[in-house]
Amino acid sequence: MKFFIDTANLAQIREAQELGILDGVTTNPSLMAKEGIKGEENILKHYKDICEIVDGHVSAEVISTEFNGMISEGEKLAALHPQIVVKIPATKDGIKAIKYFSDNGINTNCTLVFSVGQALLAAKAGATYVSPFVGRLDDISNDGVELIEQIVYLYKTYNFETQVLAASIRHTMHIIQCAEVGADVATCPLNAILGLLKHPLTDSGLQKFLDDYKKVNG
Ligand code: E4P
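Per chain, residues are indexed from 1 in the order of the written sequence. Owing to the predicted nature of the model, reporting of local features is limited to residues with pLDDT of at least 70; listing and counting of side-chain atom pairs is limited to 80 or more, with chain, interface and lining totals taken over all residues. The basis for the side-chain values is all heavy atoms of the structure; hydrogens and waters are excluded.

Moving on, we come to the packing of aromatic side chains. Any pair of Phe, Tyr and Trp rings, taking the six-membered ring for Trp, is counted once the centres come within 6.5 Å. Such a pair is stacked with planes under 30 degrees apart, edge-to-face with planes over 60 apart, and tilted for the rest. For the structure shown, the criterion picks out six aromatic pairs. Residues Phe 4 and Tyr 129 carry aromatic rings whose centres are separated by 5.7 Å and whose planes lie at 70 degrees to one another, so their mutual orientation is edge-to-face. You can see Phe 4 sitting in strand S1 (residues 2-6) and its partner Tyr 129 sitting in strand S6 (residues 129-132), a full 125 residues away along the chain. The buried label applies to any residue whose accessible area, calculated with a 1.4 Å probe on protein chains only, is under 20% of its type's maximum; exposed applies above 50%, and partly exposed to all values in between. Among the residues examined, Phe 4 registers a relative accessible area of 1% and is labelled buried. Since its relative accessible area comes to 1%, Tyr 129 is described here as buried. Seen in terms of ring centroids, Tyr 155 and Phe 160 are 5.6 Å apart; in terms of plane orientation they differ by 75 degrees. Their pairing is edge-to-face. Criterion for a charge above a ring: Lys NZ or Arg CZ within 6 Å of the ring centre, and within 35 degrees of the ring normal. The side chain of Lys 96 reaches across the aromatic face of Phe 67, ending 5.3 Å from its centre. Secondary structure elements are taken from DSSP: a helix is a run of H or I of four residues or more, a strand is a run of E of two residues or more, and numbering for both begins at the N terminus.

So this is what it looks like as structure tokens:
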């Protein structure tokens, strides 16, 4: 499973990249706003800065909600850097835009996916990635991981090339469960990625090794 980081924070992106496990980045308008990135010029520059840090795909989301706006915005984003993936919502105009970009060799990430039906249309339209929102489904007492499992099964059955990108990941168990059901990618906050390393037996075991080494070597 690929690991993407779900943030627009450059320091966190650098930290994950330096860990050596990072395959890409996802952003959204809320994450950009959280970093105080505003104005078209600054937003575009920020996407370029992210691309300079990582080697993999960087999802940049359109703001337009109708087809023509999505196309002109997406083309501008895609022209910024070869690593940019145009992120488009799972709406009627969004599906049309994904088809347009797919026909024109531009990578897309279909976002705000909450059902198998949306994922089916995104794949039919040729999306590179589909992003089901695990945490937001769990928030309303639905099973986000179950949706990932259903979409993985569907795509395998019909040999769709669209990659299942588990989004809205909130904690380490989400990452593990998404890996277990076969997600192609999980996009995670940095603390959830680092949380995978935490184990008290690792900490106490390491301490014991260091103490024993010191006893003999001073
Ligand atoms: C990333 O592609 C999504 O926009 C993001 O994971 C949503 O996460 P949230 O539900 O925590 O806002």
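Turning to the pattern of salt bridges, a few remarks are in order. Side-chain pairing between opposite charges can occur once the charged atoms of the two side chains come close. Within this document, salt bridges are pairs made up of a side-chain nitrogen of Lys or Arg and a carboxyl oxygen of Asp or Glu, the two lying within 4 Å of each other. Tallied over the entire structure, the rule returns seven salt bridges. A salt bridge links Lys 87 to Glu 61, with the shortest nitrogen-to-oxygen separation between them at 3.5 Å. Linking Lys 87 in strand S4 (residues 84-89) with Glu 61 in strand S3 (residues 57-61), this pair joins segments that are 26 residues apart in sequence. What makes Lys 87 buried here is its relative accessible area of 4%. The class of Glu 61 is buried, set by a relative accessible area of 12%. Arg 170 is paired through a salt bridge with Asp 139; the nearest N and O atoms lie 2.9 Å apart. One end of the pair, Arg 170, is in the loop between strand S7 (163-166) and helix H9 (172-180); the other, Asp 139, is in helix H7 (residues 134-139), with 31 residues separating them in the sequence. We classify Asp 139 as exposed; its relative accessible area is 53%. If you follow the salt bridges from partner to partner, you end up with Lys 208, Asp 212 and Lys 215 in one network.

Here a polar contact means two N or O atoms within 3.5 Å. Within protein one must be a hydrogen donor candidate and the other an acceptor candidate, and residues neighboring in sequence count only if both atoms are side-chain atoms. The N-terminus of helix H1 (residues 10-19) is capped by Asn 9, whose side-chain oxygen sits 3.0 Å from the backbone nitrogen of Ala 11. Looking one or two places after H1, you find Gly 20, whose phi comes out positive at around 85 degrees.

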